[in-house]
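# Chains, contacts and geometry: an overview
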Amino acid sequence: MSSPDPQVRAPHDAENRPEHGESAHGVRLPRNHGARGPVIAVTGAASGVGAALVARLAASDEVKQVVAIDERRGECTAAQWHVLDVRDPAIAERLRGADVVVHLALDLDLETDPAARTAYNVRGTQTVLTAAAAAGVHRVVLCTSAMVYGALPDNDIPLSEDSELRATAEATGVGDLLEIERLGRRAPRAHPGLNVTVVRPAVLVGGTDTALTRYFESPRLLVVAGSRPTWQFCHVEDLVSALEYAALEKVEGELAVGCEGWLEQEEVEELSGIRRMELPSAVALGAAARLHRIGLTPSPAGDLAYTMHPWVISVSALHAAGWRPRWTNEEVLAELLQEVAGRHTVAGRRLGRKDATAAGAAGATVALLGAAAVVRAARRRRGL
């Protein structure tokens, strides 16, 4: 998902004026004017999931035209590009003529200032929903995460898609996602005729960087005593195909997407070859909170819950529509391990090779949030 560049602004020059073959509203008319299928707009279209979806839709015979919106122009030449910030109300004019909007312009970067991240994510979603309704769009597809269900010890395995959203705002970005979901539920009431579909992927893998993918960059896998971790992954390619299903109106409502089934912690350890380090809950959570509070790690203690308690989900709605994942949990885990090979993360904080070597044996301890000595040293440096 694209991370916004606050320095990029929408130009008001010839770049956005209608070109030959465009309508007055800036939507390029397809080469085959009689072609069937919807005009689909994608925000956050220049990178990540957005770029992959634009390329897939542009190659589809079921899509009449793709309108791509981002703060920079992407590589897909078959799409009609508009360069602007999704918080700009001018986006309404860029959406005229579109049937469906897939909103992927979210900032979930671990290193982004949390207040700035929330301001961008919430304001952007508000603007897109309002602009879509004003432009006559009849469907908006939002993409959040299965994390909104919450990771709790009494969760069903798997959770049904209509389960109550019991997450709190204690984990990275989850508060933003919960607010986006709230906006999505409210939008059809405020704008009759507007359909909102929500897609919630499991642990996303494939060029992603999250607290959950960084878990596998540590020298030992933290297991909190008494917890029962379960792992379900979603490859980016499967998420893109599920978003295409939603954009083509083959499925609607609240949809979960991920691999079939799940892996127990013991299976993950066997497949990865990474040994565990088990810590008492109070030690792990307490150290995580202290490390985050003093700025040593980007991940709050709330992220730990998603490595402790089950939050795997059923994908029954997509299955009923005929969708199937191409990737298995085992295959996605293998790809994730290849992606993170050579990276060194301690307590969610990525280190350079020199730092990781210097950490020595203490690195494993820090990675597992048992870094009392590091916490004390950091406090002394900061005068706490």
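For the structure given in this document, a descriptive report is provided here.

Procedures and definitions
- Each chain has its residues counted from 1, running along the sequence as written.
- Owing to the predicted nature of the model, reporting of local features is limited to residues with pLDDT of at least 70; listing and counting of side-chain atom pairs is limited to 80 or more, with chain, interface and lining totals taken over all residues.
- To obtain the side-chain values, all non-hydrogen atoms of the structure were used and water was disregarded.
- To qualify as a helix, a DSSP run of H or I must reach at least 4 residues; to qualify as a strand, a run of E must reach at least 2; elements of each kind are numbered from the N terminus.
- Exposure categories follow from relative accessible area, calculated using a 1.4 Å probe and restricted to protein chains: below 20% of the type maximum is buried, above 50% is exposed, and the middle band is partly exposed.
- Note that accessible areas follow from Shrake-Rupley with a 1.4 Å probe, and for residues the cover is restricted to the protein chains shown.
- The term polar contact refers here to a pair of N or O atoms within 3.5 Å; inside protein, the definition further demands a hydrogen-donor-capable atom paired with an acceptor-capable atom, and it admits residues adjacent in sequence only when both atoms are side-chain atoms.
- The working definition used for a salt bridge is a side-chain nitrogen of Lys or Arg within 4 Å of a carboxyl oxygen of Asp or Glu.
- Two rings from Phe, Tyr or Trp (for Trp, the six-membered ring) form a pair when their centres are within 6.5 Å of each other. A pair whose planes differ by under 30 degrees is stacked, one over 60 is edge-to-face, and the rest are tilted.
- Only strands that DSSP links by at least two bridges are regarded as paired with each other.
- Note on definitions: angles span 0 to 180 degrees between N-to-C directions of axes, and those axes are lines fitted to C-alpha atoms, for helices only across the stretch in contact.
- Any two residues having at least one pair of non-hydrogen atoms within 4.5 Å are treated as being in contact.
- Roughly parallel means an angle under 35 degrees; roughly antiparallel means over 145; roughly perpendicular covers 65 to 115; every other angle is labelled oblique.
- Working rule for handedness: look at the near helix, and if it is turned counterclockwise from the far one by less than a right angle, call the crossing left-handed; if clockwise, right-handed.
- In this count, Pro and Cys sit with the nonpolar residues alongside Ala, Val, Leu, Ile, Met, Phe, Trp and Tyr, while Asp, Glu, Lys and Arg are called charged and the others, Gly among them, polar.

## Regarding the overall build of the protein
Per the secondary structure count, the protein includes 13 helices and 15 strands. With 384 residues in all, the protein has 53% of them scored as buried. Of the roughly 16600 Å² that the protein leaves accessible, carbon and sulfur atoms contribute 50%.

## Let's talk about the side chain of Asp-85
Following the sequence through the fold, Asp-85 ends up in the loop between strand 3 (80-83) and helix 2 (91-95). According to the relative accessible area criterion, Asp-85 is buried, its value standing at 7%. Within the structure, the side chain of Asp-85 is placed 2.7 Å from the side chain of Arg-87, a separation counted as a polar contact.

## Considerations on the pattern of salt bridges
The final tally for this structure, using the stated rule, is 16 salt bridges. The salt bridge involving Glu-62 is made with Lys-250; its shortest N-O contact spans 3.4 Å. Taken together, the residues Glu-62 in the loop between helix 1 (48-58) and strand 2 (65-70) and Lys-250 in the loop between helix 6 (236-247) and strand 11 (254-257) connect sequence positions 188 residues apart. Taking the relative accessible area as the measure of exposure, Glu-62 reaches 41% and is therefore partly exposed. On the basis of relative accessible area, Lys-250 is assigned to the partly exposed category, the value being 37%. When the shortest N-O distance is used, the salt bridge between Arg-214 and Asp-209 registers 2.8 Å. Taking relative accessible area as the criterion, Arg-214 reaches 4% and is therefore assigned buried. We classify Asp-209 as partly exposed; its relative accessible area is 31%.

## Things to note about the packing of aromatic side chains
Here the structure, examined in full by the defined rule, presents six aromatic pairs. Judged by centre distance (5.1 Å) and plane angle (65°), the rings of Phe-216 and Trp-231 are edge-to-face. With Phe-216 in the loop between helix 5 (211-214) and strand 8 (221-224) and Trp-231 in strand 9 (residues 230-231), the pair connects residues that are 15 residues apart, well separated along the chain. When the centroid spacing of 6.1 Å and the interplanar angle of 15° are considered together, the rings of Trp-231 and Phe-233 count as stacked.

## Considerations on the sheet that holds strand 3
Within the open sheet, the seven strands sit side by side as 3-2-1-4-5-6-11. Their pairing is parallel. A single partner strand is all that each edge strand has here, and the edge strands are strand 3 and strand 11. Pairwise comparison of adjacent strand axes, ignoring direction, gives a mean angle of 20° for this sheet. Two elements, strand 4 (residues 100-103) and strand 5 (residues 139-143), share four bridges in a ladder whose sense is parallel. What sits directly across from Val-101, in strand 5, is Val-140. The strands touched by helix 3 (residues 114-134) are strand 1 (39-43), strand 4, strand 5 and strand 6 (195-201); relative to strand 4, the strand with the most contacts, the crossing angle is about 180°. The sheet strands contacting helix 4 (residues 174-190) are strand 5 and strand 6, and the helix crosses strand 6 at an angle near 155°.

## A closer look at the packing of helix 7 (residues 265-272) against helix 10 (residues 329-340)
One way to put it is that helix 7 packs onto helix 10 with a least axis distance of 11 Å and a crossing angle of 50°. Compared by their axis directions, helix 7 and helix 10 come out oblique. Note on packing geometry: the crossing formed by helix 7 with helix 10 is right-handed. Every residue of helix 10 that contacts helix 7 at Val-268, Leu-271 and Ser-272 is listed here: Glu-330, Leu-333 and Leu-337. Of the residues in the contact of helix 7 with helix 10, the class split is four nonpolar, one polar and one charged.

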